[in-house]
Amino acid sequence: GTIFNLFQPLSQETALNKLMAEIQNTFKGLGLLIPYCWKKGEACVVRGPDTVWYRAKIIEVSGSILQVQYIDRGYIESIPQCHLYPTTFYTGIPPFCIPCQLYKTLPIGNFWQQDAVDYLQELLKNEEVEIHVEELPDNPWDKLSVSLYFGGMSLSSFMAYQKYCVAEDGQDMQKLGVFEGDLSPSYLLQPLPVPGEIFPVTVTHVVSPKEIYICFDSSGNLTKCSATESAASCDSESLNKALKWCNKIVKTLPHLTDFKKELPCLAEYVDGLWYRAKLLSITQLVPVQILVQFVDYGTYLVAPSSRLRHIPCPLLKYPVQAVRVLLAGFRPASGDKNVERIPYSPEWSLKALGAMLDCVEGKHLSASILTLSPEVTISLYGDDKNLVHLKLIEMGLAELDE
């Protein structure tokens with residue numbers, strides 16, 4: 001049940017990189033080519049499959065093949081003697097990885113099955129995770145007892161859900177949010193800036209020239225960033241990390257069987273990745289086709305039930321990133337004679353929709369909230385700090401609405 005944890009704090013990472021550079025400068029070429037009597041526990045450096053030299057120690061001697069453990073990586077390999085070199089140069093530097101075991105977690109059969117180990121390797125190797133130290137060992141060389149979290153999910157609970165182990169402390173089991181009997185979950189709403197305050201935004205979806213979805217953009221070049229925008233930026237970064245983890249484990253999450261309106265879920269987009277979504281309606285019964293909305297973008301998709309999965313509860317703690325707003329100050333031009341209209345919003349022409357897309361796509365925009373009720377209404381400004389709808393008015397596709 002040992003997991004080797006390579007610590008990620010910048011101070012440790014810098015020290016490890018410095019040590020590795022020093023080892024590469026000291027040892028070049030092949031290993032020791034003359035006969036040598038290796039001893040179990042002896043310190044050495046080993047030339048790995050990537051031709052990089054690493055600190056190691058001898059675990060077992062068996063003829064010309066030695067079993068070594070990488071001191072700063074944790075894993076064990078069988079290596080020919082010609083790829084090793086004995087040295088005591090770096091024995092005074094503590095290892096950069098620490099053996100850990102999952103706290104109060106019992107593998108099925110009292111030892112980890114090979115398929116469970118393979119799954120852990122695929123899931124965790126070279127990934128940054130969150131470690132909570134639960135118990136210190138009596139012997140400083142023994143294993144730390146830890147709780148490990150990836151994307152906000154407990155590894156012990158997740159492996160128990162996969163039937164690889166039993167978690168003695170099952171408090172985290174419900175946090176996965178993929179079990180029968182869950183309470184009806186819902187997304188948190190994004191807090192909005194104070195009306196009148198100008199803030200940078202990105203337009204993520206355009207429904208019509210009047211109705212759009214925006215995300216707060218703290219990377220904008222305005223003079224200062226509000227607390228709302230800073231929190232939104234932090235939420236967005238953490239959410240993206242959590243979604244990356246969910247995409248790694250998505251095949252283990254159950255398909256949806258309940259198609260209640262507004263139900264949060266994970267949905268697969270056309271790019272093959274899974275995003276947070278909510279159910280809107282069933283558009284077809286045979287085969288089942290469901291209209292969903294991606295809550296962090298505002299976009300819509302009709303998808304089969306095979307592209308919908310239960311959403312882990314940790315993903316519900318992040319507010320929805322996209323906010324639906326109406327643009328103020330203009331209305332459809334009464335003289336717009338373009339025949340092609342938006343089917344779901346026929347007061348607007350498709351040409352007006354295209355013009356609005358040109359005004360907002362890939363642009364540095366800013367906004368100011370005018371009203372919060374009954375709809376969130378904003379003024380939207382372009383790169384040039386002018387109202388974006390002025391372009392539509394110039395083209396005869398809209399007119400001022402006082």
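- Under an unreviewed UniProt entry, the name given to the chain is RING finger protein 17, and the source organism is Leiothrix lutea.
- Under the Function (unreviewed entry) heading, UniProt states for the chain: "Seems to be involved in regulation of transcriptional activity of MYC. In vitro, inhibits DNA-binding activity of Mad-MAX heterodimers. Can recruit Mad transcriptional repressors (MXD1, MXD3, MXD4 and MXI1) to the cytoplasm. May be involved in spermiogenesis."
- According to UniProt, the comment filed for the chain under the heading Subunit (unreviewed entry) is "Interacts with MXD1, MXD3, MXD4, MXI1 and PIWIL1. Self-associates."

Some remarks on the sheet that holds strand S18 (residues 300-304)
Next, step 1: On the basis of which strands lie adjacent, the open sheet formed by five strands has the order S18-S17-S16-S15-S19 and antiparallel pairing. Each having just a single partner strand, S18 and strand S19 (308-309) make up the two edges of the open sheet.
Next, step 2: Across five bridges, the pairing between strand S15 (residues 264-268) and strand S16 (residues 274-284) is antiparallel. Along S16, the bridge assignment pairs Leu266 with Arg276.

Observations regarding the pairing of strand S25 (residues 377-381)
Next, step 1: For S25, a buried count of four out of five residues is recorded, marking the element as mostly surrounded by other parts of the structure.
Next, step 2: Bridging between strand S20 (residues 323-327) and S25 involves two bridges; their strand directions are parallel. Across the sheet, the residue bridging to Leu326 is Thr377, located in S25.
Next, step 3: Here strand S24 (residues 365-371) hands over to S25 after five residues, the two strands then running antiparallel side by side.

What about a nonpolar patch on the surface?
Next, step 1: Taken together, the side chains of Leu106, Ile108 and Val166 present a nonpolar region at the surface, about 240 Å² in accessible area.
Next, step 2: With respect to the helices and strands, the residue Ile108 is situated in the loop between strand S8 (105-107) and helix H2 (114-124).
Next, step 3: Accessibility expressed as a relative area gives 41% for Ile108, which makes it partly exposed.

Details of the packing of aromatic side chains
Next, step 1: Scanning all chains against the criterion turns up 17 aromatic pairs.
Next, step 2: A ring pair is formed by Tyr36 and Trp38, whose centres lie 4.7 Å apart and whose planes are at 70°; its orientation type is edge-to-face.
Next, step 3: Note on Tyr36: relative accessible area 32%, which makes it partly exposed.
Next, step 4: For Trp38, a relative accessible area of 7% translates into the label buried.
Next, step 5: Pairwise contacts between aromatic rings join Phe27, Trp53, Tyr85, Phe89 and Tyr90 into one cluster.

Some details on unusual backbone geometry
Next, step 1: Cis geometry marks the peptide bond from Val286 to Pro287; its omega dihedral reads -15°.
Next, step 2: Here Pro287 is to be found in the loop between S16 and strand S17 (289-294).
Next, step 3: The omega torsion across Ser373 and Pro374 is 0°, close enough to zero to call that bond cis.
Next, step 4: With respect to the helices and strands, Pro374 occurs in the loop between S24 and S25.
Next, step 5: In this structure, Asn110 is a non-glycine residue whose phi angle is positive, near 70°.
Next, step 6: Residue Asn110 is classed as exposed on the basis of its relative accessible area of 70%.

Observations concerning helix H5 (residues 350-360)
Next, step 1: Within H5 the residues assigned to the buried category are Ala352, Leu353, Ala355, Met356, Cys359 and Val360. The buried residues of H5 occupy an angular sector of 160° when the element is viewed end-on, so they sit on one face.
Next, step 2: Phi turns positive, to about 70°, at Gly362, one or two residues after H5.

Let's talk about H2
Next, step 1: Among the residues of H2, those classed as buried are Ala116, Tyr119, Leu120, Leu123 and Leu124. Seen from one end, H2 has its buried residues packed into an arc of 105°, which puts them on one side. Across from the buried face of H2, at angles greater than 90 degrees, the exposed residues are Gln114 and Glu122.
Next, step 2: Positioned one or two residues after H2, Asn126 has a phi angle of 65°, which is positive.

A word on the confidence of the model for the chain
Next, step 1: For the chain, per-residue confidence averages 87 on the pLDDT scale, and 89% of positions sit at 70 or higher.
Next, step 2: Per-element averaging of pLDDT across the chain places strand S1 (residues 2-6) at the bottom with 59 and S20 at the top with 97.

Remarks on the environment of Ser145
Next, step 1: By the element assignment, Ser145 lies in strand S10 (residues 144-150).
Next, step 2: Ser145 gets classed as buried once you look at its relative accessible area, which sits at 8%.
Next, step 3: With 45 residues separating them in the primary sequence, Ser145 and Cys100 have C-alpha atoms 5.9 Å apart.
Next, step 4: Once residues within four sequence positions are removed from consideration, Ser145 is found in contact with Gln101, Tyr103, His132, Val133, Glu134 and Glu135.

Thoughts on the nonpolar core
Next, step 1: Counting 34 residues, the largest nonpolar core has Leu123, Phe150, Leu155, Met159, Ile249, Leu266 and Leu315 as its most contacted members.
Next, step 2: Breaking this core down by element, the ones donating at least two residues are H2, S10, helix H3 (155-161), strand S12 (165-167) and helix H4 (227-249).
Next, step 3: With six residues, H4 is the single largest residue contributor to this core.
Next, step 4: Split by domain, this core shows at least three residues from each of two domains, domain 2 (98-167) and domain 4 (241-315).

Notes on the pattern of salt bridges
When charged atoms on two side chains of opposite charge get close, those side chains can pair.
Next, step 1: A complete count under the given rule lists ten salt bridges for this structure.
Next, step 2: Residue Glu211 pairs with Arg324 through a salt bridge whose shortest N-O separation is 2.9 Å. Of the two residues, Glu211 is situated in strand S14 (residues 211-216) and Arg324 in strand S20; the sequence distance between them amounts to 113 residues.
Next, step 3: Glu268 is paired through a salt bridge with Arg307; the nearest N and O atoms lie 3.8 Å apart. With Glu268 in strand S15 and Arg307 in the loop between S18 and S19, this residue pair connects regions lying 39 residues apart in the sequence.
Next, step 4: Taking relative accessible area as the criterion, Glu268 reaches 21% and is therefore assigned partly exposed.
Next, step 5: On the basis of relative accessibility, which here comes to 21%, the residue Arg307 falls in the partly exposed class.
Next, step 6: Sharing partners across several salt bridges, the network here consists of Glu127, Lys244 and Lys248.

Cut-offs applied
Residues numbered from 1 in each chain as written. Predicted model: local features only at pLDDT ≥ 70, side-chain atom pairs only at ≥ 80, totals over all residues. Heavy atoms only, no water. UniProt positions renumbered as here; feature names shortened; annotations may be inferred. Pairing = 2+ DSSP bridges. Helix = DSSP H or I, 4+ residues; strand = E, 2+ residues; numbered from the N terminus. Buried < 20%, exposed > 50% of the residue type's maximum accessible area, 1.4 Å probe, protein only. Patch = residues over 30% accessible without salt bridge, like charges linked within 9 Å, V, L, I, M, F, W, Y side chains within 5 Å. Areas by Shrake-Rupley, 256 points an atom, 1.4 Å probe, with all protein chains shown as cover. Salt bridge = Lys/Arg side-chain N within 4 Å of Asp/Glu carboxyl O. Phe/Tyr/Trp six-rings, centres within 6.5 Å; stacked < 30°, edge-to-face > 60°. Arc of directions from axis to C-beta. pLDDT = per-residue confidence, 0-100. Contact = heavy atoms within 4.5 Å. Core = buried A, V, L, I, M, F, W, Y, C linked by side-chain atoms within 4.5 Å. Domains from an automatic or database assignment.

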